[in-house]
Amino acid sequence: NHDLDAAKLLKGSELGKAERRLLRQKLYFWLQVSRSAYREGDFEFSRQCVVRCQRLADTKLVPGSAALSADISYRLATIARQQYQLDEAIQLFGQCMAATFDVLKTDQHTAGAHAGKLLAARYLVAKCSALGIGYCFIEKGLLREARIAISAGEILLWETKDWRNLQYCELLFSRLLRHE
């Protein structure tokens, strides 16, 4: 049964610290279920999982979590990109980058901000820019815009030493060259 029952645990309008943490854990679990469904090609179930997570996060996590919002937007964007809903994907990748920027701004002003968390935020922006928006721009024939998005993302990916996604950026650049 693929039931997201986190709402059953939460009767009150305000969550305590433990309940909030439990809800976040359940939401991230279902985002992982969504990722598995995505990898198996079940895009509709993947989208359903993410939309349920988004609905619960919006109604139960007050104040909201910018990091969770970024993850939800990223998952929805990758599904839209895969289903060739390019305008929706571009908008969602943009939302993901905006939420990630909120994480970076918040962590910058927090004492003891963890360098790994900041690197992870930049990594997500890199993937959104190069592999998300850059890819969508190529598909839409916006080659100049694609080159800028891919270059910016590749610069940020270099820092992470994610050689697989850096190679994917090179493949996207090859597609650009074929179209020019």
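Our subject is the structure that appears above.
These numbers were taken from a predicted model, which means no experiment stands behind them.

Some points on the side chain of Thr78
Along the chain, the position of Thr78 falls in helix α4 (residues 66-82). Exposure remark for Thr78: the relative accessible area of 8% places this residue in the buried category. For Thr78, the contacting residues outside a window of four places in its chain are Tyr38 and Phe93.

A short note on the packing of aromatic side chains
Under the defined criterion, the tally for this structure stands at four aromatic pairs. The interplanar angle of 90 degrees and the centroid separation of 5.5 Å between the aromatic rings of Phe29 and Trp30 together place this pair among those described as edge-to-face. Between the NZ or CZ atom of Arg81 and the centre of the ring of Tyr135, over which it lies, the distance is 5.9 Å.

A few points about helix α8 (residues 163-179)
Between the first and last C-alpha of α8 there are 25 Å, a value that for 17 residues agrees with the 24 Å anticipated at 1.5 Å per step. Within the span of α8, buried status applies to Asn165, Leu166, Cys169, Leu172, Phe173 and Leu176. Projection of α8 onto a plane perpendicular to its axis shows the buried side chains occupying an angular sector of 110 degrees, all on one side. In α8, the exposed positions that point more than 90 degrees away from the buried face belong to Arg164, Gln167, Leu171, Leu177 and Arg178. Buried residues in α8 make contact with α6 (115-140) and α7 (143-160).

Digging into the environment of Ala37
By the secondary structure assignment, Ala37 is in helix α2 (residues 17-39). A relative accessible area of 5% means that Ala37 is categorised as buried. Distance in space between the C-alpha atoms of Ala37 and Arg47 is 9.0 Å, their sequence separation being ten residues. Apart from the residues lying within four places of it in its own chain, the contact partners of Ala37 are Asp42, Phe45 and Ser46.

Parameters and conventions
- Residues numbered from 1 in each chain as written.
- Predicted model: local features only at pLDDT ≥ 70, side-chain atom pairs only at ≥ 80, totals over all residues.
- Heavy atoms only, no water.
- Helix = DSSP H or I, 4+ residues; strand = E, 2+ residues; numbered from the N terminus.
- Buried < 20%, exposed > 50% of the residue type's maximum accessible area, 1.4 Å probe, protein only.
- Contact = heavy atoms within 4.5 Å.
- Phe/Tyr/Trp six-rings, centres within 6.5 Å; stacked < 30°, edge-to-face > 60°.
- Lys NZ or Arg CZ within 6 Å of the ring centre and 35° of its normal.
- Expected span 1.5 Å × (residues − 1).
- Arc of directions from axis to C-beta.

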